[in-house]
Amino acid sequence: NELAADCQRSVAVLAQHRGVTIEAPANGDVPFCGDESLLRRMILNLLQNAVAYTRSGSRVRVDVVPNGRVAWIRVRDEGEGIAESDRARIFDRFVQLDSDRHGAGAGLGLPIARWIAEAHGGSLDLEESGATGSTFRVTLPLSTSGLGAGG
């Protein structure tokens, strides 16, 4: 949760410029062994994406919660949602679904975030998406296997 709060502060200027509030409730810390800089990049990518695609005047929320032998990091926006036909493509490199935002990024944020989750023995998925927003869920094992075992 400390890492999520740090990322929230890092994205605060972008969020304020777009009129978006980022919520990162300070639930208890979830101990996890992994590469802090990569995990920071993963959360930053998800938050930046959520802020970019949510409606002005709305909220983005990031939660970190333990769930048995895994930790979930959920990032929820209040955007227009992702069309059913585009959902399979959002994790492809260089894909930009919103032509109005072309040039705002390289279309690498979600693919990089997914790679980081997978490098830690976890996953990143679009949990839900609809007219009231989208939720991305990172699932990370709480064991010391994978990338976290070395440091």
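What counts, and where the lines are drawn
Residues numbered from 1 in each chain as written. Predicted model: local features only at pLDDT ≥ 70, side-chain atom pairs only at ≥ 80, totals over all residues. Heavy atoms only, no water. Salt bridge = Lys/Arg side-chain N within 4 Å of Asp/Glu carboxyl O. Helix = DSSP H or I, 4+ residues; strand = E, 2+ residues; numbered from the N terminus. Buried < 20%, exposed > 50% of the residue type's maximum accessible area, 1.4 Å probe, protein only. Expected span 1.5 Å × (residues − 1). Pairing = 2+ DSSP bridges. Axes fitted to C-alpha atoms, helices over the stretch in contact; angles between N-to-C directions. Phe/Tyr/Trp six-rings, centres within 6.5 Å; stacked < 30°, edge-to-face > 60°. Lys NZ or Arg CZ within 6 Å of the ring centre and 35° of its normal. Polar contact = N/O pair within 3.5 Å; in protein donor to acceptor, adjacent residues only side chain to side chain. Contact = heavy atoms within 4.5 Å.

(A) Here's a closer look at the pattern of salt bridges. A complete count under the given rule lists 11 salt bridges for this structure. The closest approach of N and O atoms between Arg-61 and Glu-23, which form a salt bridge, is 3.4 Å. Of this pair, Arg-61 sits in strand β2 (residues 59–67) while Glu-23 is found in strand β1 (residues 21–23), placing the two residues 38 residues apart along the sequence. Accessibility expressed as a relative area gives 33% for Arg-61, which makes it partly exposed. We classify Glu-23 as partly exposed; its relative accessible area is 23%. Among the salt bridges present, the one from Arg-74 reaches Glu-127, with a minimum N-O distance of 2.7 Å. Taken together, the residues span a long stretch of sequence, with Arg-74 in strand β3 (residues 70–76) and Glu-127 in strand β4 (residues 123–130) at a distance of 53 residues.

(B) Looking closely at helix α2 (residues 36–53). Its 18 residues place the ends of α2 26 Å apart at the C-alpha level, agreeing with the 26 Å of an ideal helix rising 1.5 Å per residue. Residues of α2 that are buried: Leu-39, Met-42, Ile-43, Leu-44, Asn-45, Leu-46, Leu-47, Ala-50, Val-51 and Ala-52.

(C) Structural context of the sheet that holds β1. Spatially, β1-β2-β3-β5-β4 is the arrangement adopted by the 5 strands of the open sheet, whose pairing is mixed. The open sheet is flanked by β1 and β4, the only strands paired with a single partner. Adjacent strand axes in the sheet meet at a mean angle of 15 degrees, parallel and antiparallel pairs treated alike. Two elements, β3 and strand β5 (residues 133–141), share 7 bridges in a ladder whose sense is antiparallel.

(D) Focus on the packing of aromatic side chains. The tally for this structure, following the rule as stated, stands at 0 aromatic pairs. The ring of Trp-72 has Arg-137 sitting right over it, with the charged end atom 4.9 Å from the ring centre.

(E) Representation of the side chain of Ser-58 within the structure. By the element assignment, Ser-58 lies in the loop between α2 and β2. Its relative accessible area of 8% is what places Ser-58 among the buried residues. A polar side-chain atom of Ser-58 sits 2.4 Å from the main-chain carbonyl oxygen of Arg-55. Beyond its immediate chain neighbours, meaning those up to four positions away, Ser-58 contacts Gly-19, Val-20, Thr-21 and Glu-78.

(F) Expanded view of the environment of Asp-92. The topology assignment puts Asp-92 in the loop between β3 and α3 (109–119). Taking relative accessible area as the criterion, Asp-92 reaches 39% and is therefore assigned partly exposed.

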